[in-house]
Amino acid sequence: AQTVTQSQPEMSVQEAETVTLSCTYDTSESDYYLFWYKQPPSRQMILVIRQEAYKQQNATENRFSVNFQKAAKSFSLKISDSQLGDAAMYFCAYRTLLLKETSGSRLTFGEGTQLTVNP
Amino acid sequence: EPEVTQTPSHQVTQMGQEVILRCVPISNHLYFYWYRQILGQKVEFLVSFYNNEISEKSEIFDDQFSVERPDGSNFTLKIRSTKLEDSAMYFCASRWTGLLDEQYFGPGTRLTVT
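From a predicted model like this one, the values you see are computed outputs, not experimental measurements.

How each quantity is defined
Residues numbered from 1 in each chain as written. Chains lettered and ligands numbered in written order. Predicted model: local features only at pLDDT ≥ 70, side-chain atom pairs only at ≥ 80, totals over all residues. Heavy atoms only, no water. Helix = DSSP H or I, 4+ residues; strand = E, 2+ residues; numbered from the N terminus. Contact = heavy atoms within 4.5 Å. Phe/Tyr/Trp six-rings, centres within 6.5 Å; stacked < 30°, edge-to-face > 60°. Buried < 20%, exposed > 50% of the residue type's maximum accessible area, 1.4 Å probe, protein only. Lys NZ or Arg CZ within 6 Å of the ring centre and 35° of its normal. Pairing = 2+ DSSP bridges. Axes fitted to C-alpha atoms, helices over the stretch in contact; angles between N-to-C directions. Buried area = accessible area lost by both parts, 1.4 Å probe. Salt bridge = Lys/Arg side-chain N within 4 Å of Asp/Glu carboxyl O. Polar contact = N/O pair within 3.5 Å; in protein donor to acceptor, adjacent residues only side chain to side chain. Nonpolar A, V, L, I, M, F, W, Y, C, P; charged D, E, K, R; others polar. Disulfide = S-S within 2.5 Å.

Draft legend 1. Inspection of the side chain of Arg 36 of chain B at higher detail. Relative to the helices and strands, Arg 36 of chain B resides in strand β4 (residues 31–37). Discounting residues that sit within four places of it in the chain, Arg 36 of chain B has contacts with Lys 42, Val 43, Glu 44, Leu 46, Ile 60, Phe 65, Glu 85, Asp 86, Ala 88, Met 89 and Tyr 90 of chain B.

Printed below as a string of structure tokens:
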């Protein structure tokens, strides 16, 4: 079974600064997907960024980027130029590679990191 | 932008009672999920549903749980006889059809069992 670990329960960052959230995972699979989800205080989780394990290039989405180290099974999220609206709980999640569309596609989540952005 | 909605936002029930949590997935999505998050713990997968049947379930999803898509829009999670340890936030999610498509989550229903 896969496991995902986020060792930082809380992080804080000054507005406009950069912060990195850590995530490690354990799996015996060679192909899979990794995700970062953001859960603002309204509690609706939204996808921030996705990484396919077979891609060597790190994913980026505007101010969000990842550092994917497959051998180390590490998947950190970097938020540049932090904004007040970035304050939220951030979840790292793992999903196995689907071989067919009818396969289950459960997400396995980490514990979450609560990010505070200080003005 | 289309959203997954869930009702009620908070449900309080007594131990042993049946509860039904309701979700309206995004209209053209074909895959549906329930997750739960006990306070202070990880978000955990419960069940996935496709083509009117369960496609995968976790060890948590025992005979006390059932899911149904009673019509073209709702997706429900029923807990037959609630226990104190069922108290949690329950999240519904839906996904379209592509292998890379993301899951869209609802805001959750907080279930409190007293």
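Draft legend 2. Structural detail: the packing of aromatic side chains. Scanning all chains against the criterion turns up 20 aromatic pairs over all chains. Ring plane angle 40° and centroid distance 6.2 Å describe the contact between Phe 35 of chain A and Tyr 37 of chain A, whose orientation is recorded as tilted. The buried category is assigned to Tyr 37 of chain A, whose relative accessible area is 0%. Taken together, a centroid distance of 6.1 Å and an interplanar angle of 75° make the contact between Phe 109 of chain A and Phe 105 of chain B edge-to-face. Of the two residues, Phe 109 of chain A is situated in strand β11 (residues 108–109) and Phe 105 of chain B in strand β10 (residues 104–105); the pairing between them involves two chains. Summarising the burial analysis for this pair, Phe 109 of chain A and Phe 105 of chain B share the class buried. By the ring-pair criterion, three or more aromatic residues cluster together here, those being Tyr 33, Phe 35, Tyr 37, Phe 91 and Phe 109 of chain A together with Tyr 33, Tyr 35, Phe 45 and Phe 105 of chain B. Note that Arg 95 of chain B overlies the ring of Tyr 31 of chain B, its terminal NZ or CZ placed 4.1 Å from the centroid.

Draft legend 3. Structural view of the sheet that holds strand β3 (residues 19–24) of chain B. All names here are of chain B. Strands sit in the order β1-β3-β8-β7 across an open sheet of four strands; the sheet is antiparallel. With partners counted over all chains shown, the strands left at the sheet margins are β1 (5–7) and β7 (65–68), one partner each. The sheet shows a mean angle of 20° between the axes of neighbouring strands, direction not considered. Where β7 and strand β8 (residues 75–79) come together, four bridges link them in antiparallel fashion.

Draft legend 4. Spatial organisation of the interface of chain A and chain B. Between chain A and chain B, the residue contacts involve 25 residues of the former and 29 residues of the latter. Carbon and sulfur atoms make up 49% of the area that chain A and chain B hide from each other, which totals about 2,400 Å². Where chain A touches chain B, the interface holds two salt bridges. Where Arg 106 of chain A meets Glu 56 of chain B, a salt bridge forms, and the shortest distance between an N and an O atom there is 2.8 Å. Where chain A meets chain B, there are ten residue pairs in polar contact (both at pLDDT 80 or more). Residue assignment for the side of chain A that touches chain B shows that the elements contributing at least two residues are β5 (32–39), β6 (46–52) and β10 (88–96) of chain A. Looking at the side of chain A that touches chain B residue by residue, the classes come out as nine nonpolar, eight polar and eight charged.

Draft legend 5. Spotlight on the state of the cysteines. Counted according to the given criterion, the structure contains two disulfides over all chains. Two residues share a disulfide in this structure: Cys 23 of chain A and Cys 92 of chain A, whose sulfurs sit 2.0 Å from each other. As the torsion about the S-S bond is roughly -70°, the Cys 23 of chain A-Cys 92 of chain A disulfide counts as left-handed. Here the residue Cys 23 of chain A occupies a position in the loop between β3 (19–21) and β4 (24–26), and Cys 92 of chain A occupies one in strand β10, the gap between them amounting to 69 residues. Residue Cys 23 of chain A is classed as buried on the basis of its relative accessible area, which comes to 2%. For Cys 23 of chain B, the disulfide goes to Cys 92 of chain B, at an S-S distance of 1.9 Å. Judged by the torsion about the S-S bond (-65°), the Cys 23 of chain B/Cys 92 of chain B disulfide is left-handed. Placement of Cys 23 of chain B in strand β3 and of Cys 92 of chain B in strand β9 (residues 88–95) is noted, with a sequence separation of 69 residues between them.

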